[in-house]
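The lines below spell out each chain.
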Amino acid sequence: MKFNTKTIHGGQKPDEAYGAVMPPIYQTSTYAQSTPGGHKGFEYSRSQNPTRTALENGLASIENGNYGLAFGSGLAAIDAVLKLLKFGDEVITTNDLYGGTYRLFTKIFENYGVKFHFIGMENASNIEAYINENTKLIWVETPTNPMMNIIDIEATAIIAQKHLLMLAVDNTFATPYLQRPLDLGADIVMHSATKYIGGHSDIVLGALVVKDKEIADKLYFIQKASGAICGPMDSFLALRGMKTLHVRMQRHCENGKAVAEYLAKHPKVEKVYWPGFEDHPNHDITKQQMDDFGGMISFVAKGNNYEEAIKIVENLKVFTLAESLGGVESLAGHPASMTHGSIPKAEREKVGVVDSLIRLSVGIEDIDDLLEDLAQALG
Ligand code: P1T
């Protein structure tokens, strides 16, 4: 089955009770048993729920994995992966990543004795210097949030395999429409399905997909034992969103390209971060591992000035100033004070998350309205 068919049919079958084409929202916590243990595969909705299972099967299908797991948020999904580790284990991760992920690593898991190395991975050969006998996991975000750095998944997977480490890839920005990390050798794919997978800014939901049964079993145990699941209504909405992922992504990419090129030529713009530019440091790797360049763009206005950046985001009218990304509507954000506020200023500035940086999630509106809005806000 091709990708554009999998988003609609992958892992799905009509509901067994009445043939409903869309999985019903099984809004139930528990299931009748004829005798203790005599059930139809569903005992209690923390462990399994048919609507969540439909979503999990769909996610596994579009990521070319064998097992999908859905969680109450992207961070809950990351939390479950980190729970595969124990005291003393070490993680090597990108130095640019979503602020909430950084906060989870440094404010929660460091307290449990897990050590993190935040490093530049744009050149995969940097990784090996940080590997020692305690290293267990490489955590990669690509494209990174918000600097749009690109990490070579295949090269990183080769290093991970050589040292018997797990490689997890946060595929939130790219989505499987553009990039399939499991095919490139990653062990775990993670999503904030709040974003492009859901696609309509109406849910908070996280996902993991894996190929390997042993890792899947451990993650299912953590999902059930820790309990950070998503409810049936949100599972339904994520599944509904997923069915149009390919058409939405196509337009996100078209509009993203037009916005990136417009900004790059604008006299009031200093620098645009978007992996589709030929002078992006890892443009060649981008073209190898992604099918297009996505709808996420960051930029700095001329003068590199905080007040100017705030004025621009406040003046936007079609773009909404808001956290999050990946919905049908265009959003603008100020990472330093919003999504990446939990990263100390000195740390974030080292990788380019300066106070004048603006991040855009380019939606699927008419491109003329988006460019006009940027023109008036920059003017
Ligand atoms: O918000 P949640 O569903 O818990 O997902 C966390 C998360 C994980 N990974 C990436 C790459 C993300 O971008 C996010 C959430 N990001 C935002 C809310 C944001 O505006 O960047």
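One can find the structure itself at the top, above this paragraph.
The model shown is predicted, which means the values in this text are computed figures rather than measured ones.

Cut-offs used in this document
- Residues numbered from 1 in each chain as written.
- Predicted model: local features only at pLDDT ≥ 70, side-chain atom pairs only at ≥ 80, totals over all residues.
- Heavy atoms only, no water.
- Helix = DSSP H or I, 4+ residues; strand = E, 2+ residues; numbered from the N terminus.
- Expected span 1.5 Å × (residues − 1).
- Buried < 20%, exposed > 50% of the residue type's maximum accessible area, 1.4 Å probe, protein only.
- Arc of directions from axis to C-beta.
- Contact = heavy atoms within 4.5 Å.
- Polar contact = N/O pair within 3.5 Å; in protein donor to acceptor, adjacent residues only side chain to side chain.
- Pairing = 2+ DSSP bridges.
- Axes fitted to C-alpha atoms, helices over the stretch in contact; angles between N-to-C directions.
- Near = heavy atom within 4 Å.
- Nonpolar A, V, L, I, M, F, W, Y, C, P; charged D, E, K, R; others polar.
- Right-handed = clockwise from strand over helix to strand, strands pointing away.

**Q** Any chance you could explain helix α13 (residues 367-378) here in plain terms?
**A** Structural remark: α-helix, 3.6 residues per turn; residues separated by three or four positions point the same way. Over its 12 residues, α13 extends 16 Å from the first C-alpha to the last, a length consistent with the 16 Å expected when each residue adds 1.5 Å. Those residues of α13 lying buried are L370, D373, L374, A377 and L378. With its buried residues spanning 120 degrees around the axis, α13 presents them on a single face. Residues of α13 that are exposed and point over 90 degrees away from its buried face: D368 and E372. For α13, the secondary structure elements touched by its buried residues are α9 (245-265), β8 (269-273), β9 (296-301), α11 (306-315) and β12 (357-361). The opening residue of α13, the one whose side-chain oxygen lies 2.9 Å from the backbone nitrogen of D368, is D366.

**Q** Help me understand the sheet that holds strand β3 (residues 115-119), please; the structure alone is not making it clear to me.
**A** Sheet strands pair by backbone hydrogen bonding; their relative direction is either parallel or antiparallel. Taken in spatial order, the 7 strands make up an open sheet running β1-β7-β6-β5-β4-β2-β3, and their pairing is mixed. Strands at the two margins of the open sheet, each flanked by one partner only, are β1 (67-71) and β3. Averaged over all neighbouring strand pairs, the angle between strand axes comes to 20 degrees, with direction disregarded. Direction of pairing for strand β2 (residues 90-94) relative to β3: parallel, over a ladder of 5 bridges. In the strand pairing of β3, E90 is matched with K115. Running at roughly 145 degrees to β3, helix α4 (residues 99-108) makes contact with β2, β3 and β4 (135-141) of the sheet.

**Q** Even after reading the chapter, I still don't get the site of the ligand, so can you show me in this structure?
**A** In the vicinity of the ligand lie 17 residues, with D170, T194, K195, S324 and R359 positioned nearest. Between N145 and the ligand, the recorded distance is 2.9 Å, taken from a side-chain N or O atom to an oxygen atom. Elements that contribute at least two residues to the shell around the ligand include exactly α3 (74-82) and β6 (188-192). A breakdown of the residues in the shell around the ligand according to their chemical character gives 4 nonpolar, 8 polar and 5 charged.

**Q** Would you explain the pairing of β2 in this entry?
**A** Look at any regular strand and the pattern is simple: side chains alternate between the two faces of the sheet. The element β2 is extensively covered by neighbouring structure, given that 5 of its 5 residues are classed as buried. In this region the chain leaves β2, passes through α4 and returns to the parallel neighbour β3; the handedness of that crossover is right-handed. Pairing between β2 and β4: 4 bridges, direction parallel. Bridged to E90 within β4 is T135.

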